[in-house]
Amino acid sequence: MAWRSALLIDPVASDDRRGDFADTFRPFDPEQPALRVGDLSAQRGDGIFESLGVIDGHPQEVGAHLDRLVHSARLCDLPTPHLGQWRAAIARVAADAGAGENVMKLLLSRGVEGQPVPTAWITLASAPDNTRSRHEGIDVVTLDRGHALDVPARAPWLQLGAKTLSYAVNMAAIREAHRRGADDAVFVTSDGFVLEAPTATVLLRTGRRFVTPEPSAGILHGTTQLSVFSYLEGRGFDTAYETVPRATLVEADAAWLLSSVRLAAPVTAVDGAPKTVDRALTDEMNAYLLSPRD
Ligand code: PLP
């Protein structure tokens, strides 16, 4: 990992009225220890995060990522992040990015055990080279998420729509996909509906209509998908959020996995069944996603 920058943030209350937050920021060396061993992010994976692309120094879709950070904080009973403070911190870290593609992580944990102050920090590192996934595509396998479609509504304490730091299951799913000879996974519910990939949103095209699974199904509302929907609507395509049976994933004319850093990766096969890649549209989508977006 080629680190570029890191900043600890002393979180202020969401209604703090100061105009300058510089004295609440402390740069640190990402190669050196920075968190206390009692931090609940390390002890319990208890916290939330965001990953955003920084392209030629421009942090992409900051507003949408902060909206989701606030949403995750609410689902996890964490103090509401101060948007002005986070925007100032993001701008400060992005200034270290330089040319090319970088990934910025915003992290907010419940803090050190027994102390009621959350820990907040930002890191910036160079992004992996995603050219191959964007151009040649990825094949996916479907994996059972182990719960039915109605579980997020019945069991909100599972925090299923929050972007929490507990990503061990997501990483295990990607390893399982690799063991099965695929590049990535798509989670499906135990009653057979498409959810999301471990680190991406599913987008399907049938004719001129684009569909993504309903975010209320306990999945993340993807910032990349939101941006792609407005791009596609601007080009006259129809877009919709729907409950998507697994068969629709297999039968759709084309499919993509969308995420902030890899961007639009076309799906070349689902569980071994080949899919046609719409190369021209994929290239156009990625050119749009690589352009500066606010
Ligand atoms: N779903 C999950 C589980 C993710 O981890 C991510 C991104 O990391 C996404 C969807 C896509 O979200 P975004 O487009 O905001 O990166």
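Before reading on, note that the structure itself is shown above.
All of the points below concern the structure found in this document. Everything quoted here is computed from the prediction, not taken from an experiment. (Residues numbered from 1 in each chain as written. Predicted model: local features only at pLDDT ≥ 70, side-chain atom pairs only at ≥ 80, totals over all residues. Heavy atoms only, no water.)

1. Some remarks on the sheet that holds strand 6 (residues 119–126)
Ordered by their spatial adjacency, six strands build an open sheet running 2-1-6-5-3-4, and the pairing between neighbours is antiparallel. Every interior strand has two partners, whereas the edge strands, strand 2 (25–27) and strand 4 (58–59), have only one. Examined bridge by bridge, strand 3 (residues 47–55) and strand 5 (residues 101–109) share nine bridges and lie antiparallel to one another. Bridging across to strand 5, I55 finds its partner in E101. (Pairing = 2+ DSSP bridges. Helix = DSSP H or I, 4+ residues; strand = E, 2+ residues; numbered from the N terminus.)

2. Description of the site of the ligand
Taken together, 18 residues lie near the ligand, and Y167, E196, T223, T224 and S260 sit nearest. The separation between an oxygen atom of the ligand and a polar side-chain atom of R68 is 2.9 Å. For the ligand, an oxygen atom lies 3.5 Å from a polar atom in the backbone of T199. Compared with its free state, where it exposes 390 Å², the ligand has 95% of that area covered by protein. Taken together, the elements giving at least two residues each to the shell around the ligand come down to helix 2 (62–75), helix 7 (223–234) and strand 12 (254–259). (Near = heavy atom within 4 Å. Polar contact = N/O pair within 3.5 Å; in protein donor to acceptor, adjacent residues only side chain to side chain. Areas by Shrake-Rupley, 256 points an atom, 1.4 Å probe, with all protein chains shown as cover.)

3. Considering the packing of helix 2 against helix 3 (residues 83–94)
Two numbers describe how helix 2 lies on helix 3: the axes approach to 11 Å, and their chain directions differ by 130°. As judged from the angle between their axes, helix 2 and helix 3 are oblique. Where helix 2 crosses over helix 3, the handedness of that crossing is right-handed. Contacts from V62, G63, L66, L69 and V70 of helix 2 reach helix 3 at L83, W86, R87 and I90. Across the contact of helix 2 with helix 3, the residue classes tally to seven nonpolar, one polar and one charged. (Axes fitted to C-alpha atoms, helices over the stretch in contact; angles between N-to-C directions. Parallel < 35°, antiparallel > 145°, perpendicular 65-115°, else oblique. Left-handed = near helix turned anticlockwise from the far one by under 90°. Contact = heavy atoms within 4.5 Å. Nonpolar A, V, L, I, M, F, W, Y, C, P; charged D, E, K, R; others polar.)

4. What about helix 7?
Helix length check: helix 7 (twelve residues) gives 17 Å between terminal C-alpha atoms against 16 Å at 1.5 Å per residue, within 8%. Looking at helix 7, one finds that the buried residues are T223, T224, Q225, S227, V228, F229, Y231 and L232. Just downstream of helix 7, G236 is the residue with a positive phi angle, here 90°. (Expected span 1.5 Å × (residues − 1). Buried < 20%, exposed > 50% of the residue type's maximum accessible area, 1.4 Å probe, protein only.)

5. Side note on the packing of aromatic side chains
Overall, the coordinates contain five aromatic pairs when judged by the stated rule. Arranged with centres 5.0 Å apart and planes meeting at 80°, the rings of F49 and Y167 form a pair that is edge-to-face. Of this pair, F49 sits in strand 3 while Y167 sits in the loop between helix 5 (151–154) and helix 6 (168–179), and the two are 118 residues apart along the sequence. The same class applies to F49 and to Y167, which are both buried. Where F210 meets F237, the ring centres are 5.1 Å apart and the plane angle is 80°; that geometry is what we call edge-to-face. (Phe/Tyr/Trp six-rings, centres within 6.5 Å; stacked < 30°, edge-to-face > 60°.)

6. Side note on the side chain of R262
By the secondary structure assignment, R262 is in the loop between strand 12 and strand 13 (263–270). Non-local contacts of R262, meaning those with residues more than four positions away in its chain, are made with N130, S133, R134, I138, D184, A200 and L257.

The analysis is restricted to geometry; functional conclusions fall outside its scope.
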